[in-house]
Amino acid sequence: MTSILQFSDIHFGVEDREAMAAVKDYSDSLAPDVVVICGDITQDGKTSEFKSARDWIARFSGPKVITPGNHDIPVYGVFQRLFDPFGRYNKYIAPLSDGVYIDESVAIFPYNTSRGIQAKLDWSLGVVDVADLKRVTDAFSYLPPRVLKLLAVHHPLIYPPNTPLSGDTKNGHAAMDMLGTADIGGILSGHVHTPFVIERTPKKSEILSIGSGTLSTRIRGKPASFNHVEVSKDDVKVTAIDWINGHFVRQETWRKDRAPLQKTGP
Ligand SMILES: [Fe+2]
């Protein structure tokens with residue numbers, strides 16, 4: 001069994017302070033093997049926000065896989081946005097990440113879908129360079145079939161229906177098709193601020209798209225939350241853990257047999 005905590009969209013600066021004060025003790029009780037943070041760690045990409053994030057993340061002693069979100073690019077620094085969009089992220093957050101996580105049954109690797117500038121009006125939307133992503137997946141193709149491969153991103157490659165935020169990740173569908181040929185079993189994402197699990201079936205494969213909610217005050221119709229993902233040799237279980245009336249409460253659990261998520265089975 002691998003126990004994964006999936007956080008996203010903490011938005012330090014407008015974080016839910018009560019939830020954040022309680023989340024470390026609660027999450028420790030889930031005995032995580034790895035902590036995954038799917039971006040939007042800060043609200044405006046300010047140095048003070050990154051320092052708060054750094055101090056909170058450093059309290060988790062185990063492995064961590066972290067990827068930035070669109071809010072982690074400085075809003076108010078034109079120079080940084082244009083020429084060094086991930087400078088502060090790299091200075092304060094990247095050194096805390098173990099880059100990738102691999103154990104005997106799960107591998108998790110990050111891919112950055114956020115960009116400093118884009119040739120369109122809405123820079124908050126995600127982008128995938130499919131060839132670049134393929135280089136990432138190729139690097140893990142040596143792993144044996146029993147290892148469930150999970151990709152950690154900020155933007156869902158294909159947005160889920162019935163969530164309060166809609167949009168398109170550039171090349172998202174092409175990226176999903178590529179992942180369908182690359183033996184990827186799941187995608188961990190954030191951005192929409194509500195938890196979801198959707199089965200995608202690109203190229204006759206099956207991929208679980210798993211979205212985490214937010215631990216910020218920028219809630220969109222659902223309470224602040226994070227996900228607990230449990231991977232056993234037989235199945236994958238995802239539980240959204242909501243912050244309700246001053247307590248964390250395990251809510252909806254999705255369960256999926258593991259075998260269809262791997263071309264050659266566990
Ligand atoms: Fe966000």
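I will try to describe carefully the structure that is included in this document. Nothing here was measured: the structure is a model prediction, and the numbers come from that model. (Residues numbered from 1 in each chain as written. Predicted model: local features only at pLDDT ≥ 70, side-chain atom pairs only at ≥ 80, totals over all residues. Heavy atoms only, no water.)

Right, let's talk about the packing of aromatic side chains for a bit. For the coordinates displayed, the defined rule picks out 12 aromatic pairs. Between the aromatic rings of Phe12 and Trp56, the centroid separation amounts to 6.1 Å while the plane-to-plane angle is 55°, which identifies the pairing as tilted. Here Phe12, found in the loop between β1 (2–7) and α1 (17–28), pairs with Trp56, found in helix α2 (residues 47–57); they are 44 residues apart in sequence, far enough to count as distant. Taking relative accessible area as the criterion, Phe12 reaches 5% and is therefore assigned buried. The buried category is assigned to Trp56, whose relative accessible area is 5%. Between Trp243 and Phe248, the aromatic rings sit 4.6 Å apart at their centres with planes inclined by 55°, giving tilted as the arrangement. Assessed through its relative accessible area of 13%, Trp243 is described here as buried. (Phe/Tyr/Trp six-rings, centres within 6.5 Å; stacked < 30°, edge-to-face > 60°. Helix = DSSP H or I, 4+ residues; strand = E, 2+ residues; numbered from the N terminus. Buried < 20%, exposed > 50% of the residue type's maximum accessible area, 1.4 Å probe, protein only.)

A separate point is the sheet that holds strand β2 (residues 34–38). Sheet strands line up and pair through hydrogen bonds in the backbone, either parallel or antiparallel. One open sheet holds the six strands; their spatial order is β3-β2-β1-β10-β11-β12, and the pairing between them is mixed. The open sheet terminates on both sides in strands that have one partner only, identified here as β3 (64–67) and β12 (247–257). Going across the sheet, the axis of each strand differs from the next one's by a mean of 20°, ignoring polarity. Bridge count between strand β10 (residues 225–231) and strand β11 (residues 235–244): seven bridges; the pairing is antiparallel. Within β11, the position partnered with Glu230 by the bridge is Lys237. Strand contacts of α1: β1, β10, β11 and β12, with the helix running at about 55° to β12, the strand carrying the most contacts. (Pairing = 2+ DSSP bridges. Axes fitted to C-alpha atoms, helices over the stretch in contact; angles between N-to-C directions. Contact = heavy atoms within 4.5 Å.)

So, about the coordination of the iron ion. Surrounding the iron ion are the protein donor atoms Asp9 (OD), His11 (NE2), Asp40 (OD) and His193 (NE2), which sit 2.0 to 2.3 Å from the metal. Taken together, the four donor atoms surrounding the iron ion define angles of 86 to 176° at the centre, an arrangement classified as irregular. (Donors = N, O, S within 2.8 Å, 3.2 Å for Na, K, Ca; no water. Tetrahedral: all angles 85-135°; square planar, octahedral: opposite > 155°, others 65-115°.)

Turning to unusual backbone geometry, a few remarks are in order. Backbone geometry places Asn171, a non-glycine residue, at a positive phi of 65°. Its identity as a non-glycine residue notwithstanding, His191 has a phi of 80°, on the positive side.

This next bit is on the pattern of salt bridges. All chains considered together, the criterion is met by 12 salt bridges. Residue Asp28 is joined to Lys24 by a salt bridge in which the shortest nitrogen-to-oxygen separation is 2.8 Å. Taken as a pair, Asp28 and Lys24 lie in helix α1 at a separation of four residues, close to a single helical turn. Of the residues examined, Asp28 reaches a relative accessible area of 40% and is grouped as partly exposed. Put simply, Arg255 and Asp257 hold a salt bridge, and the shortest N to O gap is 2.6 Å. Each of Glu199, Glu206 and Lys256 takes part in one network of salt bridges that share partners. (Salt bridge = Lys/Arg side-chain N within 4 Å of Asp/Glu carboxyl O.)

Read across the open sheet, the six strands follow the order β4-β5-β6-β7-β9-β8; overall the sheet is mixed. Two strands close off the open sheet at either side, each with one partner strand: β4 (101–102) and β8 (196–200). Two strands pair when backbone bridges link them, and β4 and strand β5 (residues 106–110) are joined in this way by two bridges, in the antiparallel orientation. Across the sheet, the residue bridging to Ile102 is Ala107, located in β5. Strands β6 (148–152), β7 (186–189), β8 and β9 (207–211) of the sheet are contacted by helix α6 (residues 172–180), whose axis makes an angle of about 130° with β9.

Turning next to the environment of Leu150. Relative to the assigned elements, Leu150 resides in strand β6. Taking C-alpha positions, Leu150 is 29 Å from His247, a pair spaced 97 residues apart along the chain. Setting aside chain neighbours within four positions, we find Leu150 in contact with Ile4, Val106, Ala107, Ile108, Phe109, Gly185, Gly186 and Leu188.

What follows is about the pairing of β1. Most of β1 is tucked away: six of the six residues are buried. Neither face of β1 is left uncovered, since the one carrying Thr2, Ile4 and Gln6 and the one carrying Ser3, Leu5 and Phe7 both have all their residues buried. Where β1 lies against β10, five bridges are found, and the strand directions are antiparallel. Each residue of the ladder has a partner; that of Ser3, found in β10, is Glu230. The pairing of β1 with β2 spans four bridges and is classified as parallel. Looking at the pairing, Gln6 lines up with Val36 of β2. Handedness of the crossover joining β1 and β2 through α1: right-handed. (Right-handed = clockwise from strand over helix to strand, strands pointing away.)

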